[in-house]
Amino acid sequence: GESVGLHLPTLSVQEGDNSIINCAYSNSASDYFIWYKQESGKGPQFIIDIRSNMDKRQGQRVTVLLNKTVKHLSLQIAATQPGDSAVYFCAEKFGNEKLTFGTGTRLTIIP
Amino acid sequence: DVKVTQSSRYLVKRTGEKVFLECVQDMDHENMFWYRQDPGLGLRLIYFSYDVKMKEKGDIPEGYSVSREKKERFSLILESASTNQTSMYLCASSPRKGTGGRTSGRAAYNEQFFGPGTRLTVL
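Computed from a prediction, not measured in an experiment: that's the story for all the values here.

1. A short note on the overall build of chain B
Within chain B, the secondary structure is distributed over zero helices and eleven strands. Shown N-terminal to C-terminal, the secondary structure of chain B runs as helices and strands in the order β-β-β-β-β-β-β-β-β-β-β. Across the 123 residues of chain B, 48% fall into the buried class. As displayed, chain B has an accessible area near 5,800 Å², and 49% of this comes from carbon and sulfur atoms.

2. A look at the side chain of Lys37(A)
Residues and elements named next belong to chain A. You can see Lys 37 is positioned in strand β4 (residues 32–38). Within the local environment of Lys 37, its side chain forms a polar contact with the backbone oxygen of Gly 83, the two atoms lying 2.7 Å apart. Not counting chain neighbours up to four residues away, the residues in contact with Lys 37 comprise Gly 43, Pro 44, Gln 45, Ile 47, Gly 83, Asp 84, Ala 86, Val 87 and Tyr 88.

3. Quick word on the sheet that holds strand β1 (residues 4–6) of chain B
All names here are of chain B. Pairing in this open sheet of four strands is antiparallel, and the strands run β1-β3-β8-β7 from one edge to the other. Looking at the sheet topology across the chains shown, the edges are occupied by β1 and β7 (65–70). Across this sheet, the average inter-strand angle for adjacent strands is 20°, counted without regard to direction. Pairing of strand β3 (residues 19–25) with strand β8 (residues 73–78), which is carried by six bridges, proceeds in the antiparallel orientation. By the bridge assignment, Glu 22 is partnered in β8 with Ser 75.

4. Some details on the packing of aromatic side chains
Under the defined criterion, the tally for this structure stands at twelve aromatic pairs over all chains. Centroid distance Phe48(B) to Tyr50(B): 5.3 Å. Interplanar angle 75°. Geometry classified as edge-to-face. Three or more aromatic residues joined by ring pairs form one cluster here, namely Tyr36(A), Phe46(A), Phe89(A), Phe101(A), Phe33(B), Tyr35(B), Phe48(B), Tyr50(B) and Phe114(B).

5. Topic: unusual backbone geometry
Residues and elements named next belong to chain A. Phi angles above zero are rare outside glycine, and Lys 71 is one such case at about 55°. Its location among the elements puts Lys 71 in the loop between β7 (62–67) and β8 (72–77). Exposure remark for Lys 71: the relative accessible area of 30% places this residue in the partly exposed category. Non-glycine residue Ala 79 carries a positive phi angle of around 45°.

About the cut-offs
Residues numbered from 1 in each chain as written. Chains lettered and ligands numbered in written order. Predicted model: local features only at pLDDT ≥ 70, side-chain atom pairs only at ≥ 80, totals over all residues. Heavy atoms only, no water. Helix = DSSP H or I, 4+ residues; strand = E, 2+ residues; numbered from the N terminus. Buried < 20%, exposed > 50% of the residue type's maximum accessible area, 1.4 Å probe, protein only. Areas by Shrake-Rupley, 256 points an atom, 1.4 Å probe, with all protein chains shown as cover. Polar contact = N/O pair within 3.5 Å; in protein donor to acceptor, adjacent residues only side chain to side chain. Contact = heavy atoms within 4.5 Å. Pairing = 2+ DSSP bridges. Axes fitted to C-alpha atoms, helices over the stretch in contact; angles between N-to-C directions. Phe/Tyr/Trp six-rings, centres within 6.5 Å; stacked < 30°, edge-to-face > 60°.

On their own, these measurements won't tell you what the molecule is for.
Here's what the structure looks like:
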């Protein structure tokens, strides 16, 4: 069946450096791809989404890149801060309202 | 501010008990979802609902049922709890595509708003 997965389960980055979190997907018909951030003790929180006909989308300190050729999605966080420490999930949306989530990457910011 | 609340943060039940997990949202959203979250498996969809009294199975509905009698409330029911249902349960809501709902103003219909989760332990 279709699945959304991540290359790395953990990532440690020095404070101030840029972070790149990767995600592989397999449903080429997905309409949207979405990134969520989950801090300890909280539910996931929407960060940014990208439509399938786009290659890049930028938000505040975050950029999502979509490479449909290799079915790859990435989230770039610029100038990471301690508050960026969290688990990051990619998700894909096809057709109706439900999302399929990946397994998550834990990002740790080293002071 | 938008809000999804869940009835309990922590819950301990015994095998065979009937368990109710309640979720309430104050955003007038049409869609509501129940997920379970397990280490290494991410979030898996159990059930979802597009509207009052409507429900659809997600990816792992076995052993669960749901109820949506009012738009703001979505309940997850474990008819006979088992140890393999020990998990973190997350509720979420979202506006239906094409509807507004009462949100923070920036939410797209792609955004699901999550509650804080209920950690259920079945002994």
